Each structure stands twice: as structure tokens, then as C-alpha cells.
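Coordinate inspection notes
So you can see what is in the structure, the chains are spelled out below.
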Amino acid sequence: MSDIIQLLPDAIANQIAAGEVVQRPASALKELLENAVDAGATQIQVVVKEAGKQLIQVIDNGKGMSATDARMSFERHATSKIRNSTDLFTIRTFGFRGEALASIAAVAQVELKTKQAESELGTLIQIEGSEVKKQEPFAGNVGTAVSMKNLFFNVPARRNFLKSNPVEMRHIVDEFQRVALSYPEIGFSLFQQDLEVYNLTPGKLSHRIVQLFGKSYQGQLVPCEELTPHVNVKGYVGKPENAKKTRGEQFFFVNNRYIKSSYLHHAVGNAFEGLIQPDQHPFYVLFLEIDPSHIDINVHPTKTEIKFDDERTVYAVIRSAVKQALGSHHVVPSIDFSYDVNFNEKWDQDPSKKEQVDREYSYKTFNTPEFKKASTSGWEKLFESNIPVNQPQDYTRKTESEDTEVLTFSSKANPDQIPDRIPRPSAEDSTGTTFQVELSYVVAQMSTGMLIVDQQAAHERVLYERYLRQLKIAQGPSQQCLFPPIIELGSSDFALVQDLLPELHSLGFMVSEFGKDTVIIQGVPADIQVKNEKELFEGLLEQFKNYKNELSLDKRENLARSLARKSALKKGQKLNPQEMETLVGQLFACQNPNFGLGGNKSFVKLDLSSIHSFFGK
Ligand code: ADP
Ligand code: MG
């Protein structure tokens, strides 16, 4: 039999490739806009007719092309942006596949006019279904204008699949917004038929957001920034009250390229948890700067998917950045338009700045629960008050009701759970053998069996009762802040702090007024390990307000609860044997050791008879 395999003619190969790159008018617009940005344009104009089905024209004032390049640009895999495969790992331009113009020209009637500054005349090329119809010199401005007419004129099946004009126009506006957001320093305009839809002047990101989404966003933006050696996150998130039921105003850019990622979206949602309803979506425009060698953008021709080599770290950094921004959002009454979000300035170009970033990184990272793993130094402080660490463990409670059994009362936080009466372990019960499981549970042996204690729930309980006591006797030990933070509060938070002043003092917070709606924190409770007093204080207020809405607790109970929640041990934190024993001891010195603050059990007891029964004894 004769050979039957043949290479496809270029025009057909291009048409097939176009299926991936150009799905609809908006995808062609995206490619043309990206080419204009890559060409260094400072002003880009878009003209759309019939939702792009009749015409999409992109005019830029970028560097233009020579006559030869203009012709070459329509060849498949013709690109000026990479030379070899290693360049793929250092990509800073939008384009690199050299496919867009070839694909667009395969399925539309395209006219390109382009001129470089140094040449007197520019070049005009007309090409239809990959066939060059005209190439001639042309006199005009520096830059490039590409018109794409009658998309899919030669592929009727695909033309029929295009959606209605409003739907296609929505896609066009979406693409336009994404590029306009990622380059606030470039001027953009968009005309539909002859109507001006947008005229965006160059400026800062905050201006661009307001220009695109409306004036109501002006007071709703919270700046967000986190710099780490691995990834930088900068941008804005909307205040929780601005969250919407519909999605659409969520933007991630990685090295200025818009990407979709439900995983990273989840990180933002996670940071908003408790602040918005589960069915609401917060506004955000977040820019991630990451070394291109740590990402792969070549996953799909439209390049909106991306692979990170360390996705989890990126997740953690985003969540922490947003959390931190939100933690202080109530001190940002409205957006400060002088805040310069200078995305293109790379911090690593300035060594002194880098050093600062490194310092910030080590501080910030180790201050987040994810990274607070194996550090045990200074833990003793946590256990200072009730039971001295260096004395033999004494599990008996030192209160008047010493010899009674522990009774638990149901409360709002642990509703209708009437627990069994559980005898308190006695001093003799402790054998000194305690260990941690999963850095979350402390297992302690007793003569009558064993205890499994949830370290976070237990510590919350211990602290809560301690703070309640302090609030009653109005004297909590305080540690002085080395650098007393000055915190600007909104007027309602300021009023709240004034209302809580006596209680805050009882807990050990040395707070005083410091000008209008501003306080200074000179001391914080002595038994809390704090790296960031401001964050602690603001977090306490946030938690207080949440509980106030949720549980309508009285002031003292709420404060004790909020501070305990905020400062308790978390799971994942390593404890040494002494700390474990102290924790267990302190738990059983509590009035109500059975439950953590969320109403969850703080421990379970496995007595010997149950253990025997496991083995049929
Ligand atoms: P890619 O952007 O992936 O390189 P394209 O097919 O989009 O591939 O463009 C091919 C080449 O044409 C680009 O590499 C660039 O050199 C040139 N080009 C395209 N559009 C423009 C423009 N607006 N201004 C200047 N050069 C352009
Ligand atoms: Mg391109």
C-alpha cells in the first residue's frame, strides 16, 4: 500500500490551532491587548462592533514592527519573545507561543498597520484565512493597529456557536478589565460601536479599580501586602460588608498575568471566614510576584491556568496577607490614595530593602500558626500563674470547692450537653508519662486509665477561666511593651475600647487615649507570648465584636472568651513534657474542665475497664 500520511497545509494547521487560542471574540481581544502591552504601549485603544463579531480593533503606541517582522508575525510559532526553551522559565512577557496572530489570521480577516519610530514608513498587511491579500508601505503613527473583522467568516459552524451580543460583550469587558487592572500605568479606552464604554487614565491601582468598578469602591478597599522571599502578594481586598452574592470581581494576577485558581480563591475565602456569609464572595485584586522558574504558565494556550511548584506556601502567604489586612481593616476608614502600590519595582534590586524584607519575613512567618511549629522556647511563661513549673505536679484544685466533684453547667457555648460527672484525677494519678499525638492531643496516663486532652480546647478553657478571675478581682499582671504601638481606631471601635477600659486594665492591657480615635498600648497581659501587640489587640476587638453578635455574652465573659480564643495554644504546637503536665494540671484545676470554648470536648477519659473490654477481658 502506498504511504498515506501527509503534513497538513499551514492554513489548516493554523485553523486547528485557532480552535484552542480563539474561542470567541474576547479571546482574540485578550491576545491583541497582550501584544500591545508587550510592545511597551502607554496608550491602548479598543474598538468593538457587534460584540466583536464584526470588528475588534486594538490600536497601540508601542514599538511597532519592521516590514519583515510584520509579515513574520503571522507565521505560526513566530515570536520575538523567547529564543530557546530555557527562556520559558524566565518569561516576563504575556506572549511567547507565537500562535496568536497566526491563529487569528486563520479564522478572520485581519489588517495590520505598524510603524517603528526609526522608519519613515510603516507596513500594512491584509490577511484572510491565512492568505496574505496585501502588503504595502503606509504612512501613519508609530505603533501598531490590528483590526480583526468577521471572526470565523470561514468556519460557519463556529460562528453559529457564538453567543448573543450581550453575552459576548460581557466576555469582552471581562478580558478588558483584567488587562486594564494589571496595568494601571497604561491608559486604556474601550468603544462599543461608537460609544465610549471606558476611558481609563494612567494612575495607581486604586484609581484604576474605582475607574472600572465605580466610586462606591473608594471607601471599600483595604490594602494588602505580604513580602516573603518566595512570593510577594500585593493588592486590595474589599471590606467584608462589600462582599457580594455573585462572583466575578475576584482577580489574581501572577507576574501581572490574570489567572484562575479555585485553590487560591479558597485561601482568600478562608481569611474572610466568619466575616462574611458562606455564600458571599469578597472583592479582591491581588498580585503575586514570584520567580518565573517556580511556575509553569504553559499549561494551556489561553494561559489562564498556572502551576506553582509550591502551591501550599503560596496559599499560606495569601491567606496570611488577607487576614492581616482584614485584621486592621477597621482602622482604614477609607482608601489612602497616596498609598503607592508599585508593582513593578522589584524589592530584590535594592539589597537594603531585601534585608528588610527578609527580616519582615522571618518575623511574619514565624508569627503565623502554620509556621509556629517546633518553637518551645519561652513556653513556660504560658504556664506561670496557676501551677509553678518546677514544682512537683499537683493536680488538686486550689479553690474553696476543692473536694467536690467537677460539675459542668450547660452554657450557650456548650448547649444542652449535660456531661457525666467525671472525677478529677488526683495527684497520685499522675505517673509523669505524657506525650503528644499529632501535635494536637496530649495523652496522660493515670492509675485508672488514660486521658486524651485536646491541647487547644484545654488551653482555651484554662485561659478563659483565668481571665474571668482576673476580671473579677481586677488585677491581671502586665508586661510592658518594648515599643508601645499606637493604634488608630475607627470612632466606633474607639468608643468600644473606652467602654471596656476598666476590663482591659484588669486583664493586663495598659491602654490609654492618644489623640483622636487613637490609643497607645503600653502593656499587655503578662502570660501571653506576643510578637505583635497591635495584632493581638485588634484581633481581640474583632473577636469581641463577633461574639457580641453571635452569643450576646456579657462584657466580661466576652472579653475573657475573646482573649482566651486569641491567645491560646493551637494545634500543631509542640509541647515539652513539663508543659504538657502543666496544661493537664491546669485544665483539671478549672471550674469546668470538660469543654473548650467552642462547646467541643476538651478531653476524653479511657478508663481501665474500657481498655480491658477492647480485648475482651
Ligand atoms: P507572541 O505574542 O506569543 O509572541 P503573537 O502571534 O501574538 O505571538 O505575536 C507574534 C509576534 O508579533 C510577537 O512576538 C511580536 O514580536 C509581534 N507583535 C505582535 N503584536 C505586536 C504589537 N502590537 N506591537 C509590536 N509587535 C507585535
Ligand atoms: Mg501574543
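Keep in mind that this is a model prediction, so the values were computed, not measured.

Structural notes on unusual backbone geometry
The phi torsion of most residues other than glycine is negative, and most of the peptide bonds are trans. Phi is positive for Gln193, close to 50°, though the residue is something other than glycine. Relative to the assigned elements, Gln193 resides in the loop between strand S7 (187-192) and strand S8 (195-200). At Asn256, a residue that is not glycine, the phi angle is positive and equals roughly 70°. Here Asn256 lies in the loop between strand S11 (250-254) and strand S12 (257-259). The buried category is assigned to Asn256, whose relative accessible area is 7%.

As for the nonpolar core
In terms of nonpolar packing, the biggest core is built from 61 residues, with Phe176, Phe188 and Ile209 touching the most fellow members. With near-sequence residues (within four places) excluded, Ile209 lies in contact with Leu181, Gly214, Tyr217, Leu221, Tyr236, Phe283 and Val285. Counting 31 residues, the second-largest nonpolar core is a separate cluster that includes Ala243, Ala267, Tyr284 and Ile290.

Regarding the sheet that holds S12
The strand order S9-S10-S13-S11-S12 describes an open sheet built from five strands, whose pairing is mixed. A strand with exactly one partner marks an edge of an open sheet, and here the two such strands are strand S9 (221-227) and S12. The sheet shows a mean angle of 20° between the axes of neighbouring strands, taken without regard to direction. Looking at chain direction, S11 and S12 are connected through three bridges and run antiparallel. Its bridge partner being in S12, Val254 is matched across the sheet by Arg257. Here helix H7 (residues 205-213) sits on the sheet in contact with S9, strand S10 (231-238), S11 and strand S13 (284-290), set at roughly 40° to S10. Seen against the sheet, helix H9 (residues 311-327) touches S9, S10, S11 and S13 and runs at an angle of roughly 135° to S9.

The rules behind each value
Residues numbered from 1 in each chain as written. Chains lettered and ligands numbered in written order. Predicted model: local features only at pLDDT ≥ 70, side-chain atom pairs only at ≥ 80, totals over all residues. Heavy atoms only, no water. Helix = DSSP H or I, 4+ residues; strand = E, 2+ residues; numbered from the N terminus. Buried < 20%, exposed > 50% of the residue type's maximum accessible area, 1.4 Å probe, protein only. Core = buried A, V, L, I, M, F, W, Y, C linked by side-chain atoms within 4.5 Å. Contact = heavy atoms within 4.5 Å. Pairing = 2+ DSSP bridges. Axes fitted to C-alpha atoms, helices over the stretch in contact; angles between N-to-C directions.

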